[in-house]
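Understanding the architecture of this molecule
So the chains spell out like this:
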Amino acid sequence: MSNGNSLDYSEEMKEHYKSDSVAEEYHEAYTEDGNWRHNLIANRERNAVASLLKKVPTDSILDIPTGTGKLAPVFAETGSTVTACDISENMLNIAEAEYDRHGVSDARFQVCDAEEISETLDERFNVAISLRLLHRVPTDVKRNILAELGAVGDYVIASTAIETSFHQTRRNIRQRLLGGDERNHGYESPETTREIMTDGFEIIASKRVLPVLSQEHVFLLRPTE
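Residues numbered from 1 in each chain as written. Predicted model: local features only at pLDDT ≥ 70, side-chain atom pairs only at ≥ 80, totals over all residues. Heavy atoms only, no water.

Here's the deal with helix α9 (residues 190-197)
Considered for burial, the residues of α9 that qualify are T193, I196 and M197. The buried side chains of α9 occupy one side of the element, clustering within an arc of 95° when seen end-on. Among the exposed residues of α9, those pointing more than 90 degrees away from its buried face are E191 and R194. Close packing links the buried residues of α9 with α7 (139-152), β5 (153-161), β6 (201-208) and β7 (216-223). (Buried < 20%, exposed > 50% of the residue type's maximum accessible area, 1.4 Å probe, protein only. Helix = DSSP H or I, 4+ residues; strand = E, 2+ residues; numbered from the N terminus. Arc of directions from axis to C-beta. Contact = heavy atoms within 4.5 Å.)

As structure tokens, then:
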């Protein structure tokens, strides 16, 4: 892990995402009138996921963490049965409204910790999706979450942020000039990322969300065990 032991994935972080205000701020950032950069990244994420879903069966999908329903437009197009999970009940309440707004009729919503999927959900899915989570957690938790996704999904779509010297320098300059998020992140090198993503999985395909502006890569994986 690029940040050593500096990232503490704890109950404090989980409680942060359960907050009413965090859910509202997260949703507002991705609305049409929200932050332009967040909207750009969200649209590119949706495009990446939609492209990867064309390669696999999509009758049943698990989305965890679903957040405030960012992928609802994608699921409306695939016509999938969706189980939308999040650690935050507040996020799920907003997501349910987003699913309704986009016409996703066959969906259920359930509180679930991404490290306890197989204990919480007694079913399998064509695809288990997890966006914008792995880059927030240390290496061992990444492996745990991926193993949980592989335990319930015939295929897994997961995103993570890949660290490079360019992005590290760019992030440090931006933080010095503009301030902002000082939380540590679980960014990994390209080599470590590939090792993690192939630990019990085969990489079928991958998509870069937005070159230069984003470190995020989205992977389509098939469990091998």
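Right, picking up where we left off after that structure.
Some points on the pattern of salt bridges
Tallied over the entire structure, the rule returns ten salt bridges. Here K142 ties to E188 by a salt bridge, and the two come within 3.3 Å at their closest N and O atoms. Here K142 is found in helix α7, whereas its partner E188 is found in the loop between α8 (165-178) and α9, with 46 residues between them in sequence. Each member of the pair, K142 as well as E188, is classed as buried. A salt bridge links E202 to R222, with the nearest nitrogen and oxygen atoms 2.9 Å apart. Taken together, the residues E202 in strand β6 and R222 in strand β7 connect sequence positions 20 residues apart. (Salt bridge = Lys/Arg side-chain N within 4 Å of Asp/Glu carboxyl O.)

Concerning the environment of D199
Along the polypeptide, D199 turns up in the loop between α9 and β6. Along the sequence, D199 and L146 sit 53 residues apart, while their C-alpha atoms lie 9.0 Å from each other. Separated by 2.7 Å, the side chains of D199 and R143 make a polar contact. (Polar contact = N/O pair within 3.5 Å; in protein donor to acceptor, adjacent residues only side chain to side chain.)

Notes on the sheet that holds strand β1 (residues 60-63)
Here seven strands make up an open sheet; going across it, the order is β3-β2-β1-β4-β5-β7-β6 and the pairing mixed. Taken across any chain shown, the strands that pair with only one partner, and hence form the sheet edges, are β3 (107-111) and β6. Going across the sheet, the axis of each strand differs from the next one's by a mean of 20°, ignoring polarity. Strand direction decides the pairing type here: strand β4 (residues 125-130) and β5, joined by five bridges, are parallel. Across the sheet, the residue bridging to F125 is G153, located in β5. In the packing of helix α3 (residues 36-53) onto the sheet, the strands contacted are β1, β4, β5, β6 and β7, and the crossing angle to β7 comes to about 25°. (Pairing = 2+ DSSP bridges. Axes fitted to C-alpha atoms, helices over the stretch in contact; angles between N-to-C directions.)

Observations concerning the confidence of the model for the protein
Mean pLDDT for the protein: 86, with 83% of residues reaching 70 or above. Confidence drops under a pLDDT of 50 for residues 1-7, and excluding neighbours within four residues, the segment shows 20 contacts in the predicted structure. (pLDDT = per-residue confidence, 0-100.)

Topic: α7
Here α7 spans 21 Å end to end across 14 residues, near enough to the 20 Å set by a 1.5 Å rise per residue. Those residues of α7 lying buried are T139, V141, K142, I145, L146, E148, L149, G150 and V152. (Expected span 1.5 Å × (residues − 1).)

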